[in-house]
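# Residue-level structure breakdown
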Amino acid sequence: MNDSTALVTGANKGIGKEIARQLADAGLTVLVGSRDPERGERAVAEIGGDARLLVLDVTDTDSIAAAAARVDRLDVLINNAGVMVDSRTPAEAEVASFRRTYETNVFGVLAVTNAFLPALRRSAHPRVVNVSSGTGSLTWSAGEQFPHVGSGAAYRSSKTALNALTLYYAHALADEGFKINALAPGLRRTDLNERAAAADGDPAEAAAGAVRLALLADDGPTGEFVSWDGSPAPW
Ligand code: NAP
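Residues numbered from 1 in each chain as written. Predicted model: local features only at pLDDT ≥ 70, side-chain atom pairs only at ≥ 80, totals over all residues. Heavy atoms only, no water.

This next bit is on the packing of aromatic side chains. The final tally for this structure, using the stated rule, is 3 aromatic pairs. Ring-pair connections join several aromatic residues into one group, and the members of that group are Phe-98, Tyr-102 and Phe-107. (Phe/Tyr/Trp six-rings, centres within 6.5 Å; stacked < 30°, edge-to-face > 60°.)

As structure tokens, this is what we get:
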């Protein structure tokens, strides 16, 4: 369909693999980010189309530099890789679990995005989608949406920080034609945590929301937080 190239981090399973599959179905060349080459190769075979493995650990500076050196031009970056280390409240949490969570969910996004900025700047229509979470919404957390408020503090606050980063990146790069948005995928059946593993939500439905943001037209929004179905999510 086109000669666009997309990179999806953490694309060897879960929502990321579905995003990669749908982008490949749309005719893009898809770099399937995976920190483990074997898991990545298996996913590439399942995804089909023009999917290619890109070994990438978003917490490893050398891995990020090596991956970025292999990509000349990038049209779409999906920062999808994420972890939930535990579901403790801040009162129960250890600093170490916050650090581990932020390494992937926040610092990893910063490091990967900046490493691939030169390649994104070579695109005529650069798009970045940060896979966030509705649980990172302070508005929802302060209201009735999350009765378990306080739990999962490391994960949820990491997504709040990711939302902030999304807005700041959007402002910083708006003049260069970037569209940079955050996605609230909804609860999906994946390996992320026990709640996700027991969920009914189809990861493909969330992936469609990410793909919509990845393929935004030039007059599309930037600096927004959007639910999987396209409706606005509150910061
Ligand atoms: P998942 O099935 O556990 O997938 C997570 C992916 O991230 C895996 O491919 C994993 O690779 C990868 N990853 C983790 N650490 C990485 C690292 N350091 N470098 C590179 N890749 C790494 O979970 P998921 O639900 O699909 O999560 C995808 C995104 O959706 C995450 O950002 C998550 O926070 C977000 N999200 C999910 C839900 C939900 O209900 N599932 C809801 C809201 C938001 P390995 O296989 O190597 O571990």
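What follows covers the confidence of the model for the protein. In the predicted model, the protein carries a mean pLDDT of 96, and the fraction of residues at 70 or more is 97%. Of all the helices and strands in the protein, helix 7 (residues 194-197) carries the lowest mean pLDDT, 86, while strand 4 (residues 76-79) carries the highest, 99. (pLDDT = per-residue confidence, 0-100. Helix = DSSP H or I, 4+ residues; strand = E, 2+ residues; numbered from the N terminus.)

With burial as the criterion, each face of strand 1 (residues 5-8) is covered, one bearing Thr-5 and Leu-7 and the other bearing Ala-6 and Val-8. Where strand 1 and strand 2 (residues 29-34) come together, 4 bridges link them in parallel fashion. Looking across to strand 2, one finds that Thr-5 is bridged to Thr-29. (Buried < 20%, exposed > 50% of the residue type's maximum accessible area, 1.4 Å probe, protein only. Pairing = 2+ DSSP bridges.)

Let's shift gears to the pattern of salt bridges. Applying the stated rule across the entire model yields 13 salt bridges. Two residues, Arg-88 and Asp-86, come together in a salt bridge whose shortest N-O distance is 4.0 Å. The class of Arg-88 is partly exposed, set by a relative accessible area of 33%. Classification of Asp-86 by relative accessible area gives buried; the value is 17%. Several salt bridges converge on common partners, so that one network encompasses Asp-3, Arg-73 and Asp-75. (Salt bridge = Lys/Arg side-chain N within 4 Å of Asp/Glu carboxyl O.)

Viewed as axis vectors pointing N to C, helix 1 (residues 14-25) and helix 8 (residues 203-214) meet at an angle of 55°, and their least axial separation amounts to 8 Å. Relative to helix 8, the element helix 1 lies oblique. For the pair helix 1 and helix 8, the sense of crossing is right-handed. Together, Gly-14, Ile-15, Glu-18, Ile-19, Gln-22 and Leu-23 of helix 1 and Pro-203, Ala-204, Ala-206, Ala-207, Ala-208, Ala-210, Val-211 and Ala-214 of helix 8 make up the contact between the two elements. Of the residues in the contact of helix 1 with helix 8, the class split is 11 nonpolar, 2 polar and 1 charged. (Axes fitted to C-alpha atoms, helices over the stretch in contact; angles between N-to-C directions. Parallel < 35°, antiparallel > 145°, perpendicular 65-115°, else oblique. Left-handed = near helix turned anticlockwise from the far one by under 90°. Contact = heavy atoms within 4.5 Å. Nonpolar A, V, L, I, M, F, W, Y, C, P; charged D, E, K, R; others polar.)

Around the ligand sit 29 residues, and of these Arg-35, Asn-80, Tyr-155, Arg-188 and Thr-190 come closest. The separation between an oxygen atom of the ligand and a polar side-chain atom of Arg-35 is 2.7 Å. Arg-188 places a polar main-chain atom, nitrogen or oxygen, 2.7 Å from an oxygen atom of the ligand. For the ligand, the accessible surface in isolation is 900 Å², of which the surrounding protein chains cover 94%. Where the shell around the ligand is concerned, the elements lending two or more residues are helix 1 and helix 6 (153-173). (Near = heavy atom within 4 Å. Polar contact = N/O pair within 3.5 Å; in protein donor to acceptor, adjacent residues only side chain to side chain. Areas by Shrake-Rupley, 256 points an atom, 1.4 Å probe, with all protein chains shown as cover.)

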